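# Examining the three-dimensional arrangement
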Amino acid sequence: MIWLAVFPTLTVLNVALGDWLGALTPVLRTLVLSTIAVPIVMYGLMPQLHRLRSRLLARTASR
């Protein structure tokens, strides 16, 4: 589930901020990306993925 949230988030951020991030050093680029991506993943995407997983498990358990 983590990869389902992290990979698309980082891909979108890289595409959206690519020109601006290209001018930064690799360490600073990683700092900026992680500062933006971690809250999005932890507070935005992971709770929804957990809910979806719970629904799917409940549906398969009821069969």
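Up top you'll find the structure we're talking about.
Residues numbered from 1 in each chain as written. Predicted model: local features only at pLDDT ≥ 70, side-chain atom pairs only at ≥ 80, totals over all residues. Heavy atoms only, no water.

### Some thoughts on the overall build of the protein chain
- Assigned secondary structure in the protein chain consists of 2 helices and 0 strands.
- For a compact globule of 63 residues, the expected C-alpha radius of gyration is about 11 Å, and the protein chain comes in at 16 Å, more than 25% above that figure.
- Each of the three principal axes of the protein chain carries a C-alpha extent, and together these read 55 × 15 × 15 Å.
- Here the protein chain holds 63 residues, and the buried ones make up 17% of them.
- Long-range contacts, defined as pairs at least 24 residues apart, comprise 55% of the intrachain contacts of the protein chain with a sequence gap of at least 6. (Helix = DSSP H or I, 4+ residues; strand = E, 2+ residues; numbered from the N terminus. Rg over C-alpha atoms; globule rule 2.2 N^0.38 Å. Buried < 20%, exposed > 50% of the residue type's maximum accessible area, 1.4 Å probe, protein only. Contact = heavy atoms within 4.5 Å.)

### Quick look at a nonpolar patch on the surface
- Judged by side-chain polarity, Ile36, Ile40 and Leu45 come together as a nonpolar surface patch covering roughly 190 Å² of accessible area.
- The residue Ile36 is located in helix H2 (residues 26–62) in this model. (Patch = residues over 30% accessible without salt bridge, like charges linked within 9 Å, V, L, I, M, F, W, Y side chains within 5 Å. Areas by Shrake-Rupley, 256 points an atom, 1.4 Å probe, with all protein chains shown as cover. Salt bridge = Lys/Arg side-chain N within 4 Å of Asp/Glu carboxyl O.)

### A closer look at the packing of helix H1 (residues 2–22) against H2
- The geometry of H1 relative to H2 is characterised by a closest axis approach of 9 Å and an angle of 145° between their N-to-C directions. The handedness of the crossing between H1 and H2 comes out as right-handed. The residues of H2 that touch H1, namely those facing Ile2, Leu4, Ala5, Val6, Thr9, Leu10, Leu13, Asn14, Leu17, Trp20, Leu21 and Gly22, are Arg29, Val32, Leu33, Ile36, Ala37, Ile40, Val41, Leu45, Met46 and Leu49.
- The class makeup of the residues in the contact of H1 with H2 is 18 nonpolar, 3 polar and 1 charged. (Axes fitted to C-alpha atoms, helices over the stretch in contact; angles between N-to-C directions. Left-handed = near helix turned anticlockwise from the far one by under 90°. Nonpolar A, V, L, I, M, F, W, Y, C, P; charged D, E, K, R; others polar.)

### Section: H2
- At Leu45, H2 shows its largest kink, close to 40°, and the proline Pro47 lies no more than four residues downstream.
- Among the residues of H2, those classed as buried are Val32, Leu33, Ala37, Val41, Met46 and Leu49. (Bend = angle between axes of the 7 residues up to and from the residue.)

### A short note on the nonpolar core
- Listed in full, the 6 residues of the largest apolar core are Leu13, Leu21, Leu24, Val32, Leu33 and Ala37.
- Those elements giving two or more residues to this core turn out to be H1 and H2. (Core = buried A, V, L, I, M, F, W, Y, C linked by side-chain atoms within 4.5 Å.)

### Examining the environment of Leu49
- In this fold, Leu49 is placed in helix H2.
- Separated by 44 residues in the primary sequence, Leu49 and Ala5 have C-alpha atoms spaced 8.2 Å apart.
- In this view, Leu49 contacts Met1, Leu4 and Ala5; residues no more than four positions away in its chain are not counted.

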